[in-house]
Amino acid sequence: MCYSGNTTLLLRQGEMDLVWKKRCAALVLALALVPAMGAAAAETPAEELERLRKEQQQIEQSIEDAQDDIEQAGQQKELYTQKKNNIGAQIEAMKLQIDTQQAQIEQTQAQIAQTVTQLDASRQRFEDRMVSIYEMSRQSSLSVLLGLDSFSEMLRFSENLQSIAVSDTQIMENLRAQEQTLEQQAAQEQQQMDQLNASQEELKRLEAEYAQALQQADSQMTQAQAEKESYEKASAEKEKEIEEAERRYAEWAAQDDNPGVDFTGGTFVWPLPGYTQNSPMGWRTDPITGQQSFHRGTDIPAPKGTRIYAAAGGVVSTHADSSYGTCVKISHGGGLVTIYAHMSARADGIGDGVVVEQGQLIGYVGSTGRSTGNHLHFEANLNGTPVSVFDYL
């Protein structure tokens, strides 16, 4: 049997380690930027809320990545466990083969030893007879003849000695041939034993390799679980920050830049004559994140540069942020404000503290900020609470 090691076993582990290091480095860099962003000058409540939401999305993505890592490490762990168990079973089977082969070698060696003993005994008998024949040849023919009853008996005695010598020679040759055959058999059996030992060593090497890969997979699963727990903790903390930021954003939206004046403007005028909404206020699937979120206003698609008019008269407050882009807020009095977001530009003369009249040009349609296309985000808030613009049309 032949076994070959899987040289890519630990490579996958190294790749996973590299992915985790890059991921952690990216997260550390992102979190390191948070204080600087938080300390940025004149960050509006809307900007802060948008930044925190983006950070939360990044943390949630990290949680998903960590879960993927846990599942991947679990699959690797299961795979290497199966491989290690399979190799272990092969090693046990190989041990039985080695024991059987060792018993066969010992049996063959015993046969060789027995044959050698028989050969030595036969050789000794042959040598003894040869000595006897030699000694008899040195005696006088007369003394030999005198010891025999007849000449024919002497001939039979001589023939018997020669016959015994020939028989001994044949026995020794057979024993030598048997010894050679057994030695060849022993050599083949030892060669098979060497191959079995080599196969067993290869199996042990693979077992150790799988054990190391299994240990790494287990370590990576533990690391991924710890990272996921850390991200989940960070997510919970970020949720608290978002709640606080939403509270501050609501205060900003509720801020009446036209205090002491009641809203007496009657009904709103439509800010984009000739264009209709396609996404009303309420819960919806966010087109960017794909998650459920509350849409505070209504979206009105229109070509870039389309003129935007004030729904009612009031005092202007402007800002630009990563979410609403170029934006105008008009305080109409009585805590009622309207917000016009994602503008490509504000109209000339439109700035903080400027008083505008209903129907006055305030800006142009665009896709600035967090937007997927040219449109106007038209929003109304009463004392910081989103209300439907259609209640005032």
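In this report, we go over the structure that sits alongside the text. Bear in mind that the values here come from a model prediction, so they are computed numbers and not experimental data.

Some remarks on the overall build of the chain
Now for step 1: Helix and strand counts for the chain come out as four helices and eleven strands.
Now for step 2: For the chain, with 393 residues in total, the buried portion stands at 37%.
Now for step 3: The contacts in the chain between residues at least 6 apart in sequence include a share of 76% that link residues at least 24 apart.
Now for step 4: Carbon and sulfur atoms make up 52% of the accessible area of the chain, which totals about 21700 Å².

Quick notes on the nonpolar core
One recurring pattern in soluble globular proteins: nonpolar side chains tend to sit buried together.
Now for step 1: Among the nonpolar cores identified, the biggest contains 25 residues, and Ile308, Val328, Ile330, Tyr340, Ile362 and Phe378 are the most heavily contacted of them.
Now for step 2: Those elements that place two or more of their residues in this core are β6 (325-333), β7 (336-346), β9 (361-365) and β10 (375-382).
Now for step 3: In this structure Val328 touches Val316, Ser317, Thr318, Thr338, Ile339, Tyr340, Met343, Arg346, Ile350 and Ile362, once residues within four positions along its chain are discounted.
Now for step 4: One finds Tyr80, Ile87, Ile91 and Leu214 within the second-largest nonpolar core, a separate group that totals 13 residues.

Topic: the pattern of salt bridges
Now for step 1: This model, assessed by the stated rule, comprises seven salt bridges.
Now for step 2: Of the charged contacts, one joins Lys95 and Glu92 as a salt bridge, the two residues approaching to 3.6 Å between their closest N and O atoms. You can see Lys95 and its partner Glu92 sitting in helix α2 (residues 45-138), three residues apart, about one turn around the helix.
Now for step 3: Residue Lys95 is classed as partly exposed on the basis of its relative accessible area of 34%.
Now for step 4: For Glu92, a relative accessible area of 46% puts it in the partly exposed group.
Now for step 5: A salt bridge links Glu209 to Arg205; its shortest N-O distance comes to 3.0 Å. One end of the pair, Glu209, and the other, Arg205, are both in helix α4 (residues 151-254), four residues apart, so they sit about a helical turn from each other.
Now for step 6: We classify Glu209 as buried; its relative accessible area is 15%.
Now for step 7: Looking at Arg205, the relative accessible area reads 37%, which means it is partly exposed.
Now for step 8: Taken together, the shared-partner salt bridges in this structure form one network comprising Glu55, Lys238 and Glu241.

As for the environment of Thr338
Now for step 1: By secondary structure assignment, the location of Thr338 is in strand β7.
Now for step 2: For the pair Thr338 and Gly314, spaced 24 residues apart in the sequence, the C-alpha separation amounts to 9.5 Å.
Now for step 3: Contact partners of Thr338, with chain neighbours within four places excluded, come to Phe268, Val328, Lys329, Ile330, His332, Phe378, Glu379 and Ala380.
Now for step 4: Here His332 takes part through its side chain, which lies 2.7 Å from a polar atom of the side chain of Thr338.

Details of the pairing of β6
Now for step 1: Across the nine residues of β6, nine count as buried, placing the element largely inside the fold.
Now for step 2: Pairing of β6 with β7, which is carried by six bridges, proceeds in the antiparallel orientation. Residue pairing in the sheet places Thr326 in a bridge with Met343 of β7.

What counts, and where the lines are drawn
- Residues numbered from 1 in each chain as written.
- Predicted model: local features only at pLDDT ≥ 70, side-chain atom pairs only at ≥ 80, totals over all residues.
- Heavy atoms only, no water.
- Helix = DSSP H or I, 4+ residues; strand = E, 2+ residues; numbered from the N terminus.
- Buried < 20%, exposed > 50% of the residue type's maximum accessible area, 1.4 Å probe, protein only.
- Contact = heavy atoms within 4.5 Å.
- Areas by Shrake-Rupley, 256 points an atom, 1.4 Å probe, with all protein chains shown as cover.
- Core = buried A, V, L, I, M, F, W, Y, C linked by side-chain atoms within 4.5 Å.
- Salt bridge = Lys/Arg side-chain N within 4 Å of Asp/Glu carboxyl O.
- Polar contact = N/O pair within 3.5 Å; in protein donor to acceptor, adjacent residues only side chain to side chain.
- Pairing = 2+ DSSP bridges.

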